[in-house]
Amino acid sequence: MTRETTQSGWREVEHTADAGIEAWGPDLASFLRAAGQGFIELLVDPSTVRRRRTRQIEVSEADAETLLVSWLEEILLALEMDRLAPAAVEVTDADEWSARGTLHGETLDEDRHEVRTVVKAVTYHGLDVHREDGLLRARVIVDI
């Protein structure tokens, strides 16, 4: 799966026993939105999820790698703990190494929502957030 524009996007990457995504964006907000949306599409088919509930996400970390992992972990926690099947994520504020946003979705219904991947954890394995050609880029592997 891939969702991209010329400036931001994501694509699924192959990994031996796990799953992953690559994400990119020209600024922190678009980068986190692309990474979040890619992660959501690893978890569920967002076309089967209506936007009936929201959950606020707020993370603040010391570096870009930890910020990205925390951002994705918040999405995973919403699914696992709050049973919020995510459809989309928006970033309302991002600066330096903090971000706030809103996760949109509805209560998980296994009969109606297509769960694509059961993710155990977002990992630091091979994680690198860097700037290349004017874009923030990262590859994230998740434990399945």
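Residues numbered from 1 in each chain as written. Predicted model: local features only at pLDDT ≥ 70, side-chain atom pairs only at ≥ 80, totals over all residues. Heavy atoms only, no water.

1. So, the pairing of strand 9 (residues 135-143)
Piece 1. In this structure, strand 3 (residues 19-25) lies alongside strand 9, joined through 7 bridges in antiparallel fashion. Note that in strand 9 the partner of Trp24 across the bridge is Arg137.
Piece 2. When strand 7 (residues 121-122) meets strand 9, the two strands line up antiparallel, connected through 2 bridges. Pairing of Val122 across the sheet is with Val142, part of strand 9.
Piece 3. As paired strands, strand 8 (residues 128-132) and strand 9 are joined by 5 bridges and run antiparallel to one another. Pairing of Arg131 across the sheet is with Leu136, part of strand 9. (Pairing = 2+ DSSP bridges. Helix = DSSP H or I, 4+ residues; strand = E, 2+ residues; numbered from the N terminus.)

2. A closer look at the confidence of the model for the chain
Piece 1. Residues at a pLDDT of 70 or more form 94% of the chain, whose mean pLDDT is 93.
Piece 2. The secondary-structure element of the chain with the lowest mean pLDDT is strand 1 (residues 2-4), recorded at 54, while strand 6 (residues 98-107) shows the highest, at 98. (pLDDT = per-residue confidence, 0-100.)

3. A short note on the nonpolar core
Piece 1. Counting 42 residues, the largest nonpolar core has Phe31, Leu32, Phe39, Leu68, Trp71, Leu72 and Ile75 as its most contacted members.
Piece 2. The element contributing the most residues to this core is helix 2 (residues 64-80), with 10 residues.
Piece 3. Residue contacts for Leu68: discarding those within four places in its chain leaves Phe31, Leu32, Ala35, Leu127, Val129, Ala138 and Val140. (Core = buried A, V, L, I, M, F, W, Y, C linked by side-chain atoms within 4.5 Å. Buried < 20%, exposed > 50% of the residue type's maximum accessible area, 1.4 Å probe, protein only. Contact = heavy atoms within 4.5 Å.)

4. Examining the pattern of salt bridges
Piece 1. Scanning all chains against the criterion turns up 10 salt bridges.
Piece 2. Between Arg100 and Asp93 there is a salt bridge, with its nearest N and O atoms 2.6 Å apart.
Piece 3. When its relative accessible area of 36% is taken as the criterion, Arg100 is described as partly exposed.
Piece 4. Judged by its relative accessible area of 29%, Asp93 is partly exposed.
Piece 5. The shortest N-O distance in the salt bridge between Glu114 and Arg116 comes to 3.7 Å.
Piece 6. The class for Glu114 is partly exposed, based on a relative accessible area of 40%.
Piece 7. A single network of salt bridges, built from pairs that share partners, joins Arg11, Glu22 and Arg139. (Salt bridge = Lys/Arg side-chain N within 4 Å of Asp/Glu carboxyl O.)

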